[in-house]
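# What the coordinates show
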Amino acid sequence: MSPVPVLVKFGLLPEKHTAFFLCDIQEKFRPAMLHFQEIVQAADKLVQASRILDIPLIVTEQNPVGLGSTVKELDINHAVGVHSKTKFSMIIPEVMTQINDVCGGHLQCVVLFGIETHICVEQTAAELCARGYKVHIVADACTSRTQEDRLLAFERLRQMGCFITTTETVIFKLLGDKEHPKFCDMRPLFKSPTTCTGLAFSANSAKTQSNT
């Protein structure tokens, strides 16, 4: 048996079997979302990592006519697709077509991040899990309008079987070895830690933290 399914089961990210999903990090959300700038900074590291490591990047934009395009801080020119949608989940026909094509048709893991954690991210994760993919939710690159919704979404996502992770964890799982040929190219992405977004706070303290 190939070792890939075993690696996937235990939360590793085989480089040739992984895609990144960037969900709706759009300009009009900027004033309303908790920790928006920190989330964008974390997402930027993931977007850069996808380019350096040649990991397929799929991007959606929720109702871009009303909510604007993906924020300019994120250079998504290398994305395999940027899709507008009205459905909350990213799993629309255009995205399904790309899911079937990326990684030579052998996609197994999805690294998912974006806005809002409890709506579009959660519904996307549910559909991906139902289709048999292992989903890694990048907590420091996901946000909602309130900390309550964000943290409770992480709890539900765990119940679905998702791995709740961080930007730096994703990067090092993909590299796997200091001798990876792109290690030096990736070094700037983990030279400084990503700003804390409050993931360590318990759901019971979420209300207090959302007011700070």
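A brief report on the enclosed structure follows. (Residues numbered from 1 in each chain as written. Predicted model: local features only at pLDDT ≥ 70, side-chain atom pairs only at ≥ 80, totals over all residues. Heavy atoms only, no water.)

## Some words on the sheet that holds strand β2 (residues 57–62)
- One open sheet holds the six strands; their spatial order is β3-β2-β1-β4-β5-β6, and the pairing between them is parallel. The open sheet terminates on both sides in strands that have one partner only, identified here as β3 (81–85) and β6 (163–165). Across the sheet, the axes of successive neighbouring strands diverge by a mean angle of 25 degrees, strand direction being ignored.
- Sheet topology places strand β4 (residues 109–115) next to strand β5 (residues 134–143); six bridges connect them, and they run parallel. Of the residues in β5, the one forming a bridge with glycine 114 is cysteine 142.
- Where helix α4 (residues 93–101) meets the sheet, it contacts β1 (18–23), β2 and β3, and its direction lies at approximately 155 degrees from that of β3. (Pairing = 2+ DSSP bridges. Helix = DSSP H or I, 4+ residues; strand = E, 2+ residues; numbered from the N terminus. Axes fitted to C-alpha atoms, helices over the stretch in contact; angles between N-to-C directions. Contact = heavy atoms within 4.5 Å.)

## Notes on the packing of aromatic side chains
- Inspection of every chain in the model, using the stated rule, returns three aromatic pairs.
- Relative to phenylalanine 190, the ring of phenylalanine 172 lies with its centre 4.6 Å away and its plane at 45 degrees, an arrangement referred to as tilted. With phenylalanine 172 in helix α7 (residues 167–175) and phenylalanine 190 in helix α8 (residues 183–190), this pair connects stretches of sequence that are 18 residues apart.
- Plain terms: the ring middles of phenylalanine 183 and phenylalanine 190 are 5.5 Å apart, the flat faces sit at 50 degrees to each other, and that makes the pair tilted. Phenylalanine 190 shares its class with phenylalanine 183; the two are buried.
- Above the plane of the ring of phenylalanine 163 lies lysine 173, whose end atom (NZ or CZ) is 6.0 Å from the centre. (Phe/Tyr/Trp six-rings, centres within 6.5 Å; stacked < 30°, edge-to-face > 60°. Buried < 20%, exposed > 50% of the residue type's maximum accessible area, 1.4 Å probe, protein only. Lys NZ or Arg CZ within 6 Å of the ring centre and 35° of its normal.)

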